[in-house]
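Fold and geometry: a report
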Amino acid sequence: LDPSDKPTSRRFIAEGDTVVVYERHDAMRAVAVRAGGVLQNRFGVFRHDDWIGRPFGSKVFSTGGGGKGAGGRAGGGFVHLLAPTPELWTLVLSHRTQILYIADISLVVAYLELVPGCVVLESGTGSGSLTTSLARAVAPHGHVHTFDFHEQRAASAREDFEKNGLSSLITVNVRDIQGEGFPKEHHGAADAVFLDLPQPWLAIPSVGLMLKQDGVLCSFSPCIEQVQRACEAMRTHFTDIRTFEILLRAYEVRDGALKSAIADEEATVGPLPQKRRKFTAPGENTDCTQKNSYILVRPCSTARGHTGYLTFARRLVYNSQTES
Ligand code: SAM
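Criteria and thresholds
- Residues numbered from 1 in each chain as written.
- Predicted model: local features only at pLDDT ≥ 70, side-chain atom pairs only at ≥ 80, totals over all residues.
- Heavy atoms only, no water.
- Helix = DSSP H or I, 4+ residues; strand = E, 2+ residues; numbered from the N terminus.
- Buried < 20%, exposed > 50% of the residue type's maximum accessible area, 1.4 Å probe, protein only.
- Contact = heavy atoms within 4.5 Å.
- Pairing = 2+ DSSP bridges.
- Axes fitted to C-alpha atoms, helices over the stretch in contact; angles between N-to-C directions.
- Left-handed = near helix turned anticlockwise from the far one by under 90°.
- Nonpolar A, V, L, I, M, F, W, Y, C, P; charged D, E, K, R; others polar.

1. With respect to the overall build of the protein
Of regular secondary structure, the protein possesses eight helices and 16 strands. Relative to its full complement of 324 residues, the protein shows a buried share of 43%. Counting contacts in the protein only where the partners sit at least 6 residues apart, residues at least 24 apart contribute 62% of the total.

This is the structure:
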């Protein structure tokens, strides 16, 4: 990722790196590796010195607490040490604001047509969740200029980008983008602009000036009224205006669930005929592939709901005589 010696581009863990300590898919945290440092969690005590020199992705075991575990390993509890990729960073960063999650982020990166070498303008920076993915998409020779009017938030974001090895790709600036627009130095230089602001329509005239011809704008807003006002402002200098809402739906998949699936269904509809027992969760398809072998698929109750709307628009291309 980063041409210099940063955790995201190196295979082995070194002192000073940030690693994502993975306990389970819903229990992870960022830890700065220090000589002599110790991590204590429900699985035991982990010494940072045992991590240094190991490849990212390693499974490491706790020391002490439980005597020798399986395979002669002290303690027996374990965690995985993962590199701070943008996907994981979004899950472990300190929330200083609302953030964008990976479902929205992936659409933003794809529809902003980001490739290595692109220049991107972003406001506001917030907690830097999106910024890390923008930076990876434009690496190694592109750049993200991100703006927030909140000084402390900008400073914290700068520190975070140092920690996760992306600082050479990102410049964090303090500026009121709704009041002042983006700075003149980026005039006509941006391949893409992303807005996550409460009144994006105020910044849109400036975005028109910053984008290269054919460049793409994306604006994120939680409310449809904000989207409508932003779209009105886009009409003058933009085309192909499209709004998306990403709704994530996770499914739980179980196989070999015949007994419990039949019991569940019989509890609702009464006894099923012996030879035609087939379970279908309400409103869902169930794939029944083999005799007596069922795959039960049902939506998880924890599925995330509405986060916001993503509006994309392309800057109009003018020929040199009509450009104003
Ligand atoms: N997209 C970010 C992320 O994924 O972490 C979250 C952005 S947060 C919801 C919105 C940010 O916009 C806040 O940090 C706020 O300080 C900033 N902001 C609000 N009004 C602004 C303005 N006029 N100029 C610059 N930043 C502004």
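Resuming the write-up.
2. Digging into the sheet that holds strand E8 (residues 143-148)
If you trace the seven strands from one edge of the open sheet to the other, you get E9-E8-E7-E10-E11-E16-E12, paired in mixed fashion. Looking at which strands have only one partner, the edges of the open sheet turn out to be strand E9 (170-174) and strand E12 (238-245). Strand after strand, the sheet turns through a mean of 15 degrees between neighbouring axes, direction not considered. Taken strand by strand, helix H3 (residues 129-138) contacts strand E7 (119-123), E8, E9 and strand E10 (190-195), and its axis lies near 160 degrees from that of E8.

3. Section: the packing of helix H2 (residues 102-111) against H3
To characterise two packed helices, one gives the angle between the axes of the helices and the distance between these axes. Orientation of H2 relative to H3, taken along the N-to-C sense of each, is 40 degrees, at an axis distance of 10 Å. In the packing of H2 onto H3, the handedness of the crossing is right-handed. The segment H2 lies against H3, with Ile102, Ile105, Val108 and Val109 engaging Ser129, Leu130, Ser133, Leu134 and Ala137. Grouping the constituent residues of the contact of H2 with H3 by class yields seven nonpolar, two polar and no charged.

4. Details of the environment of Phe78
Within the secondary structure, Phe78 is located in strand E6 (residues 78-82). Each C-alpha atom of the pair Phe78 and Tyr22 lies 9.3 Å from the other, and the pair is 56 residues apart in sequence. Excluding residues within four positions of it along the chain, Phe78 makes contact with Phe43, Phe46, Lys59, Val60 and Phe61.

5. Comments concerning the pairing of E8
With six of six residues buried, E8 is to be regarded as a mostly interior element. The alternating pattern of E8 places His143, His145 and Phe147 and Val144, Thr146 and Asp148 on opposite faces, both of which are buried. Relative to E8, E7 runs parallel, the two being bridged by five bridges. Its bridge partner lying in E8, Glu122 is registered against Thr146.

6. Let's talk about the sheet that holds strand E2 (residues 27-32)
Strand order across the open sheet formed by four strands is E2-E1-E6-E5, with antiparallel pairing between neighbours. With one partner strand each, in any of the chains shown, E2 and strand E5 (59-61) form the two edges of the open sheet. Mean inter-strand twist for the sheet, computed between neighbouring axes without regard to direction, equals 35 degrees. In this structure, E5 lies alongside E6, joined through three bridges in antiparallel fashion. Across the sheet, residue Val60 finds its bridge partner in E6, namely Val79.

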